[in-house]
Amino acid sequence: MPKSPERCAELRGEMRARILRESLRYFARNGFAGTRIADLARGIGIAQGTIYRYFDSKEDLFAALRELVANGADVRELKLLARLPLTAKAKIGRLSASILGRLADDELFAASVVLNTQLMLEEEPDADGRPAPYRSELYAHTARIVEQGQREGSVVAGDPLKLADYYWGVAYLYALKRLFTAGYAMIDAADLDRTLLKGGR
């Protein structure tokens, strides 16, 4: 019995999602230059032509991945967290627990953190010489929480964007460990909190 058009569309969507998911991991590990479609297809366990059914080129696939790791959902969650009527210390604690929990449980989240950071670092500074990460919403919302904590006296002194950079830099380091090392020792949320809080939690 032939598949219905709806089922065919569903299967196409599932395959596209699978290619993106597996490609995210592969590009995060190998970078753009080190990724060959033939190797990627072999790693996924599909024919190379299957990838080209969904994406015109490696550049097209990478553009889809860029969109995927733009952290839309993560940025929305962080924006919501920044607006909650909580102390900055509580917000940082929640954020740290969420990041480290996801890094421990989800290799794709780790790959997303790695690839998103690499993409930001590849962008050119703006006219004022400000690095690309400092222009990101992720850093901006983290800096707002840092500023709140500095007003409350719970967060260390310093430029809020630089402190946000330090905080996410530690998250990036542990995302790399998650992807590239076996038996890595993960820090806990209190360790990550200490990058921002006076005296830790």
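Let me begin by describing the structure that accompanies this report. (Residues numbered from 1 in each chain as written. Predicted model: local features only at pLDDT ≥ 70, side-chain atom pairs only at ≥ 80, totals over all residues. Heavy atoms only, no water.)

## Quick look at the nonpolar core
And then number 1: Ile 51, Leu 61, Leu 103, Leu 115, Tyr 167 and Trp 168 are the most contacted members of the largest nonpolar core, which totals 58 residues.
And then number 2: The leading source of residues in this core is helix α9 (residues 160-180), at 11 residues.
And then number 3: Beyond its immediate chain neighbours, meaning those up to four positions away, Tyr 167 contacts Ile 92, Leu 95, Ser 96, Ile 99, Thr 142, Leu 192, Thr 195 and Leu 196. (Core = buried A, V, L, I, M, F, W, Y, C linked by side-chain atoms within 4.5 Å. Buried < 20%, exposed > 50% of the residue type's maximum accessible area, 1.4 Å probe, protein only. Helix = DSSP H or I, 4+ residues; strand = E, 2+ residues; numbered from the N terminus. Contact = heavy atoms within 4.5 Å.)

## Points about the pattern of salt bridges
And then number 1: A full pass over the atoms with the stated rule returns three salt bridges.
And then number 2: One salt bridge in this structure joins Arg 36 and Asp 39, with 3.1 Å as the shortest N-O distance.
And then number 3: Between Arg 42 and Asp 39 there is a salt bridge; the shortest N-O distance is 2.6 Å. Of this pair, Arg 42 and Asp 39 both sit in helix α2 (residues 37-44), separated by three residues, roughly a single helical turn.
And then number 4: The network of salt bridges with common partners includes Arg 36, Asp 39 and Arg 42. (Salt bridge = Lys/Arg side-chain N within 4 Å of Asp/Glu carboxyl O.)

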